[in-house]
Amino acid sequence: MRNKAIGCLIIFLAALIVGLYFVGPSVRDKLFTTQVASEDTITTTRQSTTNETTTAATTVSQTQTTTHIQQVVTTTAPQNSVYTEKEENVWATRDVNIRAKPTTNSKQVGKLHEGNKILRLAKGTDGWSRVMFEGEVCYIYSEYLTTTEPFKVSSNRTVIDPTGEDWNLVVVNTKREIPADYVPKLAEVASSGVYMDYRVAPYYNAMYEAAKKDGIILTPYSGYRSYARQQRNYNNLTQQYMTQYSLSKEDAAAKAATVILPPGTSEHNLGLAMDICNTNSTFKNQKEYKWLTEHAHEYGFILRYTAEKQPITGIIPEPWHWRFVGVEYAEKIKNSGLCLEEYLGIE
Ligand SMILES: [Zn+2]
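Caption draft 1: Main features of the overall build of the protein chain. What the protein chain contains, in helices and strands, is 12 helices and 16 strands. In the protein chain, which comprises 347 residues, the share counted as buried stands at 30%. Across the protein chain, contacts joining residues at least 24 apart in sequence account for 58% of those joining residues at least 6 apart.

This is the structure in structure tokens:
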């Protein structure tokens, strides 16, 4: 009796599998396509339905009675995907790839950084948004786009160009910031998984090796930090202060700025600074700090934030934060006793 039941079940399952094979891909896809959580994990099942020659406007008629949907046409991508045309500005909620076609298999034509704006032309039921990028129609995964403009603190900061010949003397501070889309070319230092501007990394490595010979390990603690990461940290703290202290956005943002530098105003966003060993105020009593005060300038690094210069830099003393300016300037600036702003004559 029991064996008979199991036998029936096996026959039923086999029939089901064979049946599914013959009903065609559309039903299989409906049954087995899972909800997609991330642009990078889009299933191959979805891509298997892609038919780039389909241009039929079969769905237009059914939407003509709906007044608030302007126009609906099917796309060149998945057969059953519908794109609702509506021009609107959207912002990226994280760094996201821009694709030539609505599939992760297609060419990556660019990147939209977190918080940056792009014009959306239409939104598809396949999870992709059609956008205008550098004059071309491209695609971004809709999950990472929002129609709500992200919170941004108004500021009177000057936006400076960090790409010039004097890249090593670029100053960012509470009054000067770099553009949101600036990403330096990076290189790893001391095989640590920490990165700096590729032009600076060889100097850090040389300093690291020299110190090592003296029995000093200059552990790279924090080097390059992305604009997006700085923005996320800063915005989170601002939001926290708004709730915690019932402050306005402006007041909360100003308070947050005393703890985390606003995005684009940190030397870590430039890739020119390294926090060495740790970020404890007691670092100034360590032998690593002593070694740095004696030798860092020989490798182009200066101590950037001292107690004495806090009224000018606006930053608390940071004995761990060393900034690359190049060997020539490091020696001159050290001997002058001036901070970078004073030496260069900028506010
Ligand atoms: Zn630092």
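Further notes follow.
Caption draft 2: View of the pairing of strand S16 (residues 321-324). Residues His 321 and Arg 323 point to one face of S16 and Trp 322 and Phe 324 to the other, with burial holding for every one of them. Where strand S14 (residues 273-276) meets S16, 3 bridges bridge the pair, whose relative direction is antiparallel. Note that in S16 the partner of Ala 273 across the bridge is Arg 323. One ladder, built from 3 bridges, connects strand S15 (residues 301-303) with S16; its direction is antiparallel. Bridge pairing in S16 links Phe 301 to Phe 324.

Caption draft 3: Representation of unusual backbone geometry. With phi around 50°, Glu 134 is a residue other than glycine that occupies positive phi space. Position of Glu 134 relative to the elements: it lies in the loop between strand S6 (128-133) and strand S7 (136-141). In the Ramachandran plot, Ser 246 falls in the positive-phi region, its phi being about 50° despite a non-glycine side chain. Structurally, Ser 246 can be placed in the loop between helix H6 (227-244) and helix H7 (249-256).

Caption draft 4: How the structure looks around the nonpolar core. In terms of nonpolar packing, the biggest core is built from 36 residues, with Met 196, Tyr 204, Met 207, Phe 301 and Trp 322 touching the most fellow members. For this core, the element with the highest residue contribution is helix H5 (residues 201-213), accounting for 6 residues. The residues touching Met 207, leaving out its near neighbours within four places in the chain, are Leu 218, Ala 296, Tyr 299 and Phe 301. By size, the runner-up hydrophobic cluster in this structure holds 12 residues, among which are Val 90, Cys 138, Tyr 139 and Ile 140.

Caption draft 5: Broad picture of the packing of H6 against H7. Where H6 meets H7, the axes come as close as 8 Å, and the angle between the chain directions of the two elements is 125°. In this view, H6 runs oblique relative to H7, as classed from their interaxial angle. H7 is crossed by H6, and the crossing has right-handed handedness. Here Tyr 234, Leu 237, Thr 238, Tyr 241 and Met 242 of H6 come into contact with H7, specifically with Lys 249, Ala 252, Ala 253, Lys 255 and Ala 256. The class makeup of the residues in the contact of H6 with H7 is 7 nonpolar, 1 polar and 2 charged.

Conventions used here
Residues numbered from 1 in each chain as written. Predicted model: local features only at pLDDT ≥ 70, side-chain atom pairs only at ≥ 80, totals over all residues. Helix = DSSP H or I, 4+ residues; strand = E, 2+ residues; numbered from the N terminus. Buried ≥ 20, exposed ≤ 12 C-beta atoms within 10 Å, placed from the backbone. Contact = placed C-beta atoms within 7 Å. Pairing = 2+ DSSP bridges. Core = buried A, V, L, I, M, F, W, Y, C linked by C-beta atoms within 7 Å. Axes fitted to C-alpha atoms, helices over the stretch in contact; angles between N-to-C directions. Parallel < 35°, antiparallel > 145°, perpendicular 65-115°, else oblique. Left-handed = near helix turned anticlockwise from the far one by under 90°. Nonpolar A, V, L, I, M, F, W, Y, C, P; charged D, E, K, R; others polar.

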